[in-house]
Amino acid sequence: MPHQPIITGSGVEVTPLCDAVGPMGPSIRRPPAELFPGSGLPDEPWVLHFHCYLLRDAADRLTLVDTGIGAADSPAASWAPVPGTLAGELAAAGVTPAEIGTVILTHLHSDHASGTVAEGRPVFENARHVLQRAELDAAAGRMLDEVVTPLKDQLHVVEGDVEVAPGVHVHATPGHTPGHQIARAGELAMTGDLVLHPVQLADPAIRYLYDEDQETAARTRADVLAGLRAEQAILATAHFSEPFHRL
Ligand SMILES: [Zn+2]
Ligand SMILES: [Zn+2]
């Protein structure tokens, strides 16, 4: 399910990798008006895209933002349309996993980080994996055992706002999860689950049922979106149908 790449003003090519498209499975599916209280969304199935992003800078260094839903037996299998097609999307972009130098994990939800590991081994064998300290500290269950633990020698743990590759920054954006982060490259903002649905661009106060701390998430969303809007940034979203959204 290819989407078109764009090139930032700073010369970074950003390619959306469409890992999957589908509705949530019955275990967590709810009517949109329950997922986004106060949104007035109609009672139609919410079909999510699951996007990762490949960044290629002018020196050909490669950074991957998020790794998607993973294999058929991944921790996302209980609710997401596994298996993800990240490997095929990367191949279509002419990239092998071993060429990725940096992986940024926006957060440790199963649909954003499960593709990091396959059969107990890191998929991106030569990559540092950037994670916020608060996210690592909160890791638990299958994500800890099956994703974080196999990565232990490749983790690059950061706190707050950090340049993690030349021209690529992460910014702490807590609320959806304790250590949620977004990634920036030039005017692009890879927003992870800062915003889940376009309805939250019109009104960032609209909450999302699965934000872990809804109040903090709403405050972070409003603050960060206001800043991004002021600089006319381009959002690269995880779950919108169209990956890029110009503010
Ligand atoms: Zn897509
Ligand atoms: Zn999430």
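Residues numbered from 1 in each chain as written. Chains lettered and ligands numbered in written order. Predicted model: local features only at pLDDT ≥ 70, side-chain atom pairs only at ≥ 80, totals over all residues. Heavy atoms only, no water.

A.B. asks: How do you make sense of the pairing of strand E8 (residues 128-132) when you look at a structure like this?
C.D. replies: In regular strands, side chains alternate between the two faces of the sheet. Counted residue by residue, E8 has four buried out of five residues, so it is predominantly covered. Alignment of strand E5 (residues 102-104) against E8, held across three bridges, turns out to be parallel. Note on E8: the bridge partner recorded for Val103 is His129. The pairing of E8 with strand E9 (residues 155-158) spans four bridges and is classified as parallel. Pairing of Leu131 across the sheet is with Val157, part of E9. (Buried < 20%, exposed > 50% of the residue type's maximum accessible area, 1.4 Å probe, protein only. Helix = DSSP H or I, 4+ residues; strand = E, 2+ residues; numbered from the N terminus. Pairing = 2+ DSSP bridges.)

A.B. asks: So what exactly am I meant to see when it comes to the state of the cysteines here?
C.D. replies: By definition, a disulfide links two cysteine residues through a covalent bond between their sulfur atoms. In this structure the tally under the stated criterion is zero disulfides. Here Cys52 stays unpaired: no disulfide links it, and the sulfur of Cys18, its closest cysteine neighbor, is 9.1 Å away. (Disulfide = S-S within 2.5 Å.)

A.B. asks: Would you mind going over the packing of aromatic side chains with me for this structure?
C.D. replies: We describe a pair of aromatic rings using the distance from one ring centre to the other and the angle between the two ring planes. Within the structure shown, the criterion is met by six aromatic pairs. Consider the rings of Phe50 and Trp79, whose centres lie 6.0 Å apart with planes at 50°: the pair is tilted. Taken together, the residues span a long stretch of sequence, with Phe50 in strand E3 (residues 47-56) and Trp79 in the loop between strand E4 (62-65) and helix H2 (86-92) at a distance of 29 residues. Here Phe50 and Trp79 have matching classes, each one buried. Geometrically, the ring pair formed by Tyr53 and Phe244 is tilted, given 5.9 Å between the ring centres and 45° between the ring planes. One end of the pair, Tyr53, is in strand E3; the other, Phe244, is in strand E15 (residues 244-246), and 191 residues separate them in sequence. No difference in accessibility class separates Tyr53 from Phe244, as the two residues are buried. Three or more aromatic residues link up through ring pairs in this structure, and these residues are Phe36, Trp46, Tyr208 and Tyr210. (Phe/Tyr/Trp six-rings, centres within 6.5 Å; stacked < 30°, edge-to-face > 60°.)

A.B. asks: Sorry if this is basic, but what is going on with the coordination of the zinc ion (ligand 2) here?
C.D. replies: Tetrahedral coordination by four donors places them ideally at 109.5 degrees to one another around the metal; octahedral coordination by six donors ideally gives 90 or 180 degrees. Protein ligation of the zinc ion (ligand 2) involves His107 (NE2), His109 (ND1), His176 (NE2) and Asp193 (OD), the donor distances falling in the range 2.1 to 2.2 Å. For the zinc ion (ligand 2), the four donor atoms are set out with angles of 90 to 166° between them, so the coordination reads as irregular. Taken in sequence order, the residues that donate to the zinc ion (ligand 2) follow the motif H-x1-H-x66-H-x16-D. Highlighted residues: His107 in the loop between E5 and helix H3 (110-113) and Asp193 in the loop between strand E13 (188-190) and helix H6 (199-202), separated in sequence by 86 residues. For His107, a relative accessible area of 0% translates into the label buried. On the basis of relative accessible area, Asp193 is assigned to the buried category, the value being 3%. (Donors = N, O, S within 2.8 Å, 3.2 Å for Na, K, Ca; no water. Tetrahedral: all angles 85-135°; square planar, octahedral: opposite > 155°, others 65-115°.)

A.B. asks: Just to check I follow, could you spell out the nonpolar core for this structure?
C.D. replies: Inside soluble globular proteins, nonpolar side chains tend to come together where they are buried. Core analysis: the largest hydrophobic core is formed by 23 residues, its most contacted members being Leu64, Leu90, Ile100 and Phe124. Going through the elements one at a time, E3, E4, H2 and helix H5 (141-148) are the ones with two or more residues in this core. Every residue in contact with Phe124, bar those within four places of it in the chain, is listed here: Leu64, Thr67, Leu86, Leu90, Pro97, Ile100, Val103, Gly115, Thr116, His129 and Gln154. One finds Val12, Ile104, Ala165 and Ile234 within the second-largest nonpolar core, a separate group that totals 19 residues. (Core = buried A, V, L, I, M, F, W, Y, C linked by side-chain atoms within 4.5 Å. Contact = heavy atoms within 4.5 Å.)

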